[in-house]
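A structural walkthrough
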Amino acid sequence: MVGMSEVPGVGLAKGLAVTLKTMTRRSHTHQYPDVEPDLPPRSRGVIALFEENCTSCMLCARECPDWCIYIDSHKEEVVLPGAARPRQRPVLDRFAIDFSLCMYCGICIEACPFDALYWSPEFEYAEYDIRELLHEKETLREWMWTVPAPPAHDPNGEPAKEQAAAAARQT
Amino acid sequence: MTGTGQDLAGSAGGALREVTVGTGTGLDTADMVLNIGPQHPSTHGVLRLKLVLDGERVRSAEPIIGYMHRGAEKLFEVRDYRQIIVLANRHDWLSAFANELGVALAVERLMGMEVPERAVWLRTALAELNRVLNHLMFLGSYPLEIGAITPIFYAFRERETIQAVMEEASGGRMHYMFNRVGGLKEEVPAGWTRRARAAIGEVRRRLPDLDHLIRRNDIFLARTVGVGVLPAAAAAAYGASGPVARASGLDFDLRRDEPYLAYGELSVPVVTRTAGDCHSRFEVLLDQVFVSLDLAEQCLNRVDQISGPVNVRLPKVVKAPEGHTYAWTENPLGVNGYYLVSRGEKTPWRMKLRTASYSNVQALATLLPGCLVPDLIAILGSMFFVVGDVDK
């Protein structure tokens, strides 16, 4: 028959030998719900909000390619003792990310000039109803606790900009 | 009106007319029109094939595309160059890194931007790792489609090893978002090149398992050898490229013939076959994985010798100057082209994609007529396409 190997059945036997060999090895399966997966710190699981840093400047919401960030804010006057005029302070009323729309690109995190947004490898937030994926600032703030420290950069490359800024401040 | 009968309405005109409607009443046979898809497990997505069958034999086949059209090109026109990458890495979800790379290369060329050397070598390494991931997917899914369930587990074991390396650098498992205009998003983590090399070594050591399991399997050979032969002339006429064209003997690989990134400094062995059947397409894919692993390792060795930044400092708003350019890359599935027209705005005026899968699928119209229905699945799977890449 066309395409048969030199001796019929050699191909099959080779395949069975692989199966036999693999049978004697340890399995590669991870017992997921019982054993947590080991995710790298850069893993893009969910976006966490460090609310204290947010100035409600709306840059993230404007840069988002599918506009899944909702921000409401108002200005508050703060009277500082000794200052001539009362200062204006932005107050964040609402910060929500609709994870049913989010494309997990991370542009909001890159765009934020105040380091208020972070990636977290946390991924266990599936819902039965798509509407439940709209998460408000309280939930986003809670995820902040799951944000890992960023990995060190390759010594051949440039250090992270935070590192460079810290080194510049020290000198 | 059913069955055979006399058209009485016709009698008003005088003469009686006999009209035969339906089948199964006489000895005459009629061809059957069968739709495969749009929802069919063997079409990896939503490709519809309209077949005219004579018994088990395919008389004619028409691929009907467009069920997954998402208007990516139109959306590019209202997205800035960073946001485009989000969309560009999604049309062919198995070669996300290669897709974002093409966009970045086109924009960089139009802006006349010099990309740092370290970024160029890292990009080349990652592009080759992405090629391995893409090919492993097809090496697993193709035997699955024609009834061999085991290879996919081996393919996914290797995929997972490479995937972990990609995730460590970019944070993503599918849509890496690691390219930026002017380089990469950020530096790779310390020790990453070492771990990437270890992963490559591991995959290279275990890949013969997959090879022995399926390449010379007698049943697999019987299903694929001599089936769906695409002659070189037909492949060229349809604009097929990548592994599909190289299996037909078209010795064309942009990595060697029109080097981009760092391919000019590497010697790229181009895997070709001449038979042009399903089995040679599969073999090209399998052998390319070995080649890509070697290339990725060479790139990583170079990355370790080069220090410096991996991206260039960009202005707040990236605007490509007025003009147009065409960049093309050797994507895992074939030649991808990016025609970028800019009018000096922060969004492109037009960005046309030429995708490999689109051209490869067109060849189905000549490949399928004359084959049997079970062979159809073997041929369809061996054309290695992603429906998202066809419809964009």
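Bear in mind the structure is a predicted one, so any value in this text is a computation, not a measurement. (Residues numbered from 1 in each chain as written. Chains lettered and ligands numbered in written order. Predicted model: local features only at pLDDT ≥ 70, side-chain atom pairs only at ≥ 80, totals over all residues. Heavy atoms only, no water.)

This next bit is on the pattern of salt bridges. Residue and element names in this part refer to chain A. If you walk through the whole model with that rule in mind, you get 40 salt bridges over all chains. When the shortest N-O distance is used, the salt bridge between Arg 141 and Glu 52 registers 3.0 Å. In this pair, Arg 141 is assigned in helix 4 (residues 137–142) and Glu 52 in the loop between strand 1 (46–49) and helix 2 (59–63), connecting sequence segments 89 residues apart. Arg 141 gets classed as buried once you look at its relative accessible area, which sits at 15%. (Salt bridge = Lys/Arg side-chain N within 4 Å of Asp/Glu carboxyl O. Helix = DSSP H or I, 4+ residues; strand = E, 2+ residues; numbered from the N terminus. Buried < 20%, exposed > 50% of the residue type's maximum accessible area, 1.4 Å probe, protein only.)

Reports of interface size often rely on the accessible area that becomes lost once the parts have come together. Counting residues at the interface gives 41 residues for chain A and 45 residues for chain B. For chain A, the biggest contributors to the area lost against chain B are Arg 42, Arg 44 and Asn 156 of chain A; these three give 19% of the whole. Linking chain A with chain B are six salt bridges, by the criterion used here. Note that Arg 82 of chain B is salt-bridged to Glu 63 of chain A, the shortest N-O span being 3.1 Å. The interface formed by chain A and chain B contains 22 residue pairs in polar contact (both at pLDDT 80 or more). Taken together, the elements giving at least two residues each to the side of chain A that touches chain B come down to helix 1 (10–23), helix 2 and helix 3 (107–111) of chain A. The element that contributes the greatest number of residues to the side of chain A that touches chain B is helix 1 of chain A, accounting for nine residues. (Contact = heavy atoms within 4.5 Å. Buried area = accessible area lost by both parts, 1.4 Å probe. Polar contact = N/O pair within 3.5 Å; in protein donor to acceptor, adjacent residues only side chain to side chain.)

Moving on, we get to the state of the cysteines. Note: disulfide means a covalent bond formed between the sulfur atoms of two cysteine side chains. All names here are of chain A. Applying the stated criterion across every chain yields a total of zero disulfides over all chains. Between Cys 60, a cysteine without a disulfide, and Cys 57, which holds the nearest cysteine sulfur, the sulfur-to-sulfur distance is 6.2 Å. Using a relative accessible area of 9% as the deciding quantity, one classes Cys 60 as buried. Free of any disulfide, Cys 108 has its nearest cysteine sulfur in Cys 105, 6.4 Å distant. (Disulfide = S-S within 2.5 Å.)

Okay, the pairing of strand 10 (residues 350–354) of chain B next. Residues and elements named next belong to chain B. Going residue by residue along strand 10, you find Met 351 and Leu 353 tucked away on one face and Arg 350, Lys 352 and Arg 354 left uncovered on the opposite face. Here strand 9 (residues 334–342) runs beside strand 10; their pairing, made up of five bridges, is antiparallel. The partner of Tyr 338 across the bridge, within strand 10, is Leu 353. (Pairing = 2+ DSSP bridges.)

With that out of the way, let us pick up helix 1 of chain A. Over its 14 residues, helix 1 of chain A extends 20 Å from the first C-alpha to the last, a length consistent with the 20 Å expected when each residue adds 1.5 Å. For helix 1 of chain A, the elements touching its buried residues are helix 5 (151–170), helix 6 (192–214) and helix 7 (218–224) of chain B. (Expected span 1.5 Å × (residues − 1).)

Bringing the packing of aromatic side chains into the picture now. Applying the stated criterion across every chain yields a total of 14 aromatic pairs over all chains. The interplanar angle of 65° and the centroid separation of 4.8 Å between the aromatic rings of Phe 220 of chain B and Phe 282 of chain B together place this pair among those described as edge-to-face. Within this pair, whereas Phe 220 of chain B is found in helix 7, its partner Phe 282 of chain B is found in helix 11 (residues 278–305), the two being separated by 62 residues in sequence. Phe 220 of chain B gets classed as buried once you look at its relative accessible area, which sits at 3%. Their ring planes at 55° and their centres at 6.2 Å tell us that Phe 252 of chain B and Trp 328 of chain B sit as a pair that is tilted. In this pair, Phe 252 of chain B sits in the loop between helix 9 (242–247) and helix 10 (254–257) while Trp 328 of chain B sits in strand 8 (residues 323–331), placing the two residues 76 residues apart along the sequence. Owing to a relative accessible area of 33%, Phe 252 of chain B belongs among the partly exposed residues under this scheme. Residue classification places Trp 328 of chain B among the partly exposed positions, given a relative accessible area of 28%. Put simply, the rings of Phe 99, Tyr 104, Trp 119, Tyr 125 and Trp 143 of chain A touch in pairs and so form one group of aromatic residues. Its guanidinium or amino end placed over the ring of Trp 349 of chain B, Arg 343 of chain B lies 4.1 Å from that ring's centre, counting from NZ or CZ. Over the aromatic face of Tyr 358 of chain B sits the side chain of Lys 392 of chain B, whose NZ or CZ is 5.1 Å from the ring centroid. (Phe/Tyr/Trp six-rings, centres within 6.5 Å; stacked < 30°, edge-to-face > 60°. Lys NZ or Arg CZ within 6 Å of the ring centre and 35° of its normal.)

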